[in-house]
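Given next are the chains, with one letter for each unit.
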Amino acid sequence: MTVVLVKSSTMNLPVITTPQTAPQPDALLILTQENAQLRDQILELQTRIAWFEKQLFGSKSEKRIIDNPYQPSLLTEPTLTLPEPVTVTVPAYERGAAKKQRPEDCVTDTGLRFGPEVPVQVVRVEPPELTGPDADQYRIINIEVSHKLAQPNNGYSVIRYEKVMVQRKGDKELITPAMPPQVLDNSIADVSLLAGLLVDKFLYHLPLYRQHQRMTQMGITVSRASLTRWVKRAIELLRPIVEAQTRHVLLSSVLAMDETPIKAGLKHPGKMKQGYIWPIYGEDDEVIFTYSDSRGRQHIENVLKNQFQGVLITDGYAAYARYAEKTQGIVHAQCWVHSRRHLVAAREQDSAACDYALNLIGQLYQVETQIEQQRLAGEKKHQYRREHSKPIVDTFFAWCWQQLNRSELTPKNPLRKALNYIVTRETELRVFLEDPDIPLDTNHLERAIRPIPMGRKNWMFCWTELGAEHTGLIQSLISTCKLHGVNPVDYLIDVLQRISVHPASRVNELTPRLWKNLFASSPMRSVIHAGVKIGAE
C-alpha cells in the first residue's frame, strides 16, 4: 500500500490517504453482465413502446414507405395552434312521461307499425277462377289483407297482400287463393328484408341495433328482437349450403388456414368468453369460416377430419406444425409475409441488416410478378422458380445463419428473435420451390378474413356461441360471393327461396361457385322486383 503525506492546513500534521482500489476482474465481469442485461431490458421496453405507438397512430399497411417531409408525424408534437374552445350553454334535460303503446297504434294485426311516409306496394292475390272463362259465375266475398316488411335498394317499404276470397254463385263453398311462397312461415319479413339484414350486418358491418334505428327513423316500428330471430332463422336455412361448400373445400390439394379471435358467449356478468374464428381457403376460391371456443390443435383435427390430403399453408402458429407432423399425407408450408413482419419489427434496431433481408424477400415477389405476367403454370412455373427464386432463397438463409453468429446480437435483440423465427421454419418456407401451386404467403386468406376484425369494431362481440357459429356460416357465403364476383343480395334472395324446392342431393349447386353459372342469369326475385301494381293506403 502506498502512503502519501499531505500537509494539513490546520494542525501542520501529515495526513495519510489511500488511493481507490482497482476493481477485481470478477467484479468487472459482473458489472459488464449487469450492464448488458439492462441494455436488453431497455431495448425490449423501447420495442414495446414503439409497437404500441404504431398500433395507436401508425399505418397498418406493410408497404415500405419513404419519409415524406411534407407529411408530419402523429408521434411528434403538433405545431398548429388550436383555437380557443367555445363555450355553449345547453339547456338541462327534462324527463318526460313515457308514451304508452296503444292497440289502435298497430297498423296491422301482426304488430307491424309504419307511418304514412313509408311506401306501400300492393300485391293482389286472386284465384284463377276470376280470370277463367266462367269468371262471371263467381263473386268476391271478402279481401283478406296482410303485410310484409321489405327492403328494396332504396330503403324500406311495406308489401300489402290483398288475398281475394270468392264464391261461386249458388254455392256456399268459399275459394281462397294460396299466398306466394314465403321464406319464413308466420313472419312479416319478406325475403328482400332477410337478405338486406344479412348483407348490412355481415358485409357492411352495420349492427342490428343500428339497422333498427334506421327503420325507426324511416317510420317503421318493429321489435329489435324480431330482427335477431329473422337473422338466426335465415342463416339456419343456409347451413346445408355451407356444409356442401365445406366438403368441396376439403377436396383441395392446397389449403390455407388461419385463426382470428372473437368474443362469444357470456362467461360471467360483465365478461365475455374468448373464442376463435378459423377460416379455410380452398383452391377454387372458396372460403369457409368455422368457430371454436379454443385455439388448440383439436379444432384443426375436427375440421379437416382426416379428409384433407395435400399442402397446408399457414402462419407460424405451432398447432399447425404439430398437426402436420402427426398426420399422414399433410405437407406443411409457411407464409413468407409472416417472416417478413418480424424483420420489419426489428428494422428500428438494425436498419441496414433488415433492409438487406427485406430486399431479398422483395426479389422473390418480383419473380412471382414475372411469372404472373408471363402466365406460367405447371412445370414451366416450377422450372422458373427453380432458376430464379431458389438462388435468392439460398442467399437469404445463408445470410440468416451468418447474422446469428454476430456476438452483439443478444438473446432479446429483435433481430435475433426474427432470425430464430425464420431459420427454425426454413424447411416449411422452402416448400413453394417444389410445388408450383403453392403461393408464397397467405395474403389471399387474410384478405378474405378482413370482415371478421372489421365486424368486431362495430358489433363488438357475439352474445352467444351459436351467434359466433352463425357468423361463420353467413360469412362463408358472402365472402365466397365476393371472390367470384357475385352480388350477395341477389344470391341470398335467390337461394333463400330456392332452397325449399331444390333437390337436397344437388345442394352443392347452390354454393356461390356453381350458382354463378347455373342461376345468376335468371335469379328468383322478391315480389317488390316483379313489377306488380303499386298502390297507396
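Calculation notes
- Residues numbered from 1 in each chain as written.
- Predicted model: local features only at pLDDT ≥ 70, side-chain atom pairs only at ≥ 80, totals over all residues.
- Heavy atoms only, no water.
- Helix = DSSP H or I, 4+ residues; strand = E, 2+ residues; numbered from the N terminus.
- Buried < 20%, exposed > 50% of the residue type's maximum accessible area, 1.4 Å probe, protein only.
- Contact = heavy atoms within 4.5 Å.
- Areas by Shrake-Rupley, 256 points an atom, 1.4 Å probe, with all protein chains shown as cover.
- Phe/Tyr/Trp six-rings, centres within 6.5 Å; stacked < 30°, edge-to-face > 60°.
- Axes fitted to C-alpha atoms, helices over the stretch in contact; angles between N-to-C directions.
- Parallel < 35°, antiparallel > 145°, perpendicular 65-115°, else oblique.
- Left-handed = near helix turned anticlockwise from the far one by under 90°.
- Nonpolar A, V, L, I, M, F, W, Y, C, P; charged D, E, K, R; others polar.
- Core = buried A, V, L, I, M, F, W, Y, C linked by side-chain atoms within 4.5 Å.
- Arc of directions from axis to C-beta.
- Patch = residues over 30% accessible without salt bridge, like charges linked within 9 Å, V, L, I, M, F, W, Y side chains within 5 Å.
- Salt bridge = Lys/Arg side-chain N within 4 Å of Asp/Glu carboxyl O.
- Polar contact = N/O pair within 3.5 Å; in protein donor to acceptor, adjacent residues only side chain to side chain.
- pLDDT = per-residue confidence, 0-100.

(A) Highlighting the overall build of the protein chain. Summing up its helical and strand segments, the protein chain has 16 helices and 14 strands in all. The burial tally for the protein chain puts 43% of its 537 residues in the buried class. Counting contacts in the protein chain only where the partners sit at least 6 residues apart, residues at least 24 apart contribute 64% of the total. Taken as a whole, the protein chain presents about 31800 Å² of accessible surface, with 53% of it coming from carbon and sulfur.

(B) Broad picture of the packing of aromatic side chains. Scanning all chains against the criterion turns up nine aromatic pairs. Between Y317 and Y320, the ring centres sit 5.7 Å apart and the planes meet at 85°, which makes this aromatic pair edge-to-face. For Y320, a relative accessible area of 0% puts it in the buried group. Consider the rings of Y491 and W515, whose centres lie 5.2 Å apart with planes at 90°: the pair is edge-to-face. Within this pair, whereas Y491 is found in helix α15 (residues 488–498), its partner W515 is found in helix α16 (residues 512–518), the two being separated by 24 residues in sequence. Take Y491 and W515: they sit in the same class, and that class is buried. Among the aromatic residues, ring-to-ring pairing joins W336, F396, F397 and F432 into one connected group.

(C) Up close: the packing of helix α2 (residues 191–202) against α15. Remark: α2 packs on α15, axes separated minimally by 9 Å, with the N-to-C direction vectors making an angle of 130°. In terms of orientation, α2 and α15 fall into the oblique class. Between α2 and α15 lies a crossing of right-handed hand. Within the contact between the two elements, α2 uses V191, S192, L194, A195, L198 and V199 and α15 uses P488, V489, L492, I493, L496 and Q497. Class assignment for the residues of the contact of α2 with α15 results in ten nonpolar, two polar and no charged.

(D) Structural context of the nonpolar core. Judged by nonpolar contacts, the single largest core of 53 residues is most densely connected at W336, L343, F396, L415, I422, F432 and I438. With sequence-adjacent residues up to four places away left out, F432 is seen in contact with W336, L364, E368, R385, S389, V393, I438, P439 and L440. Of all hydrophobic cores here, the second largest spans 48 residues; its members include V158, A234, I241 and L477.

(E) Seen up close, the side chain of H212. When you line up the elements, H212 lands in helix α3 (residues 208–217). Beyond its immediate chain neighbours, meaning those up to four positions away, H212 contacts V222, S223, R224 and L227.

(F) Here's a closer look at the environment of V423. Note on placement: V423 falls in helix α10 (residues 414–423). Assessed through its relative accessible area of 10%, V423 is described here as buried. For the pair V423 and C400, spaced 23 residues apart in the sequence, the C-alpha separation amounts to 7.1 Å.

(G) Up close: helix α13 (residues 451–459). Residues P451, I452, G455 and W459 constitute the buried set of α13. In a view along the axis of α13, the buried residues occupy a sector of 90°, so they form one face of it. Against the buried residues of α13 lie α2, β10 (260–268), β11 (271–281), β12 (287–292), α12 (443–448) and α14 (465–483). Of the residues one or two after α13, M460 is the one with positive phi, at around 70°.

(H) A look at a nonpolar patch on the surface. Judged by side-chain polarity, L266, M460, F461 and W463 come together as a nonpolar surface patch covering roughly 430 Å² of accessible area. Tracing the sequence through the fold places F461 in the loop between α13 and α14. Judged by relative accessible area, F461 falls into the partly exposed class, the value being 35%.

(I) Seen up close, the side chain of Q121. For Q121, the location among the structural elements is in strand β4 (residues 120–125). At 3.3 Å, the side chain of Q121 and the backbone oxygen of V527 are in polar contact.

(J) Molecular detail of the environment of V337. With respect to the secondary-structure elements, V337 resides in helix α7 (residues 336–345). Separated by 104 residues in sequence, V337 and D441 have C-alpha atoms that sit 5.8 Å apart.

(K) Up close: the packing of helix α9 (residues 378–404) against α10. Two numbers describe how α9 lies on α10: the axes approach to 10 Å, and their chain directions differ by 135°. Taken together, the axes of α9 and α10 are oblique relative to one another. In this structure, the crossing between α9 and α10 has a hand that is left-handed. Counted together, F396, F397, W399, C400, W401, Q403 and L404 of α9 and R416, L419, N420, I422 and V423 of α10 form the full contact between these two elements. When its residues are assigned to classes, the contact of α9 with α10 shows nine nonpolar, two polar and one charged.

(L) The arrangement of the pattern of salt bridges in detail. Scanning all chains against the criterion turns up 25 salt bridges. E236 is paired through a salt bridge with R239; the nearest N and O atoms lie 2.9 Å apart. A residue pair is termed a helical-turn pair when its members lie 3 or 4 positions apart in one helix, as E236 and R239 do in helix α4 (residues 224–249) at three residues. Ionic pairing is found between E368 and R385, a salt bridge with its closest N-O pair at 3.0 Å. Taken together, the residues E368 in helix α8 (residues 351–374) and R385 in helix α9 connect sequence positions 17 residues apart. The residues E368 and R385 share a single accessibility class, namely buried. When salt bridges that share partners are traced, they join R124, E126, R160 and E162 into one network.

(M) Geometry of the confidence of the model for the protein chain. On average, residues of the protein chain score 84 in pLDDT, and 84% of them reach the 70 mark or higher. Across the protein chain, the secondary-structure element scoring lowest on mean pLDDT is strand β1 (residues 4–7), at 48, and the one scoring highest is α16, at 96. Under a pLDDT of 50 for its full length, residues 101–107 has, in the predicted model, seven contacts with residues more than four places off or in other chains. Below pLDDT 50 for its whole length, residues 531–537 participates in 14 contacts with residues either more than four positions away or in separate chains.

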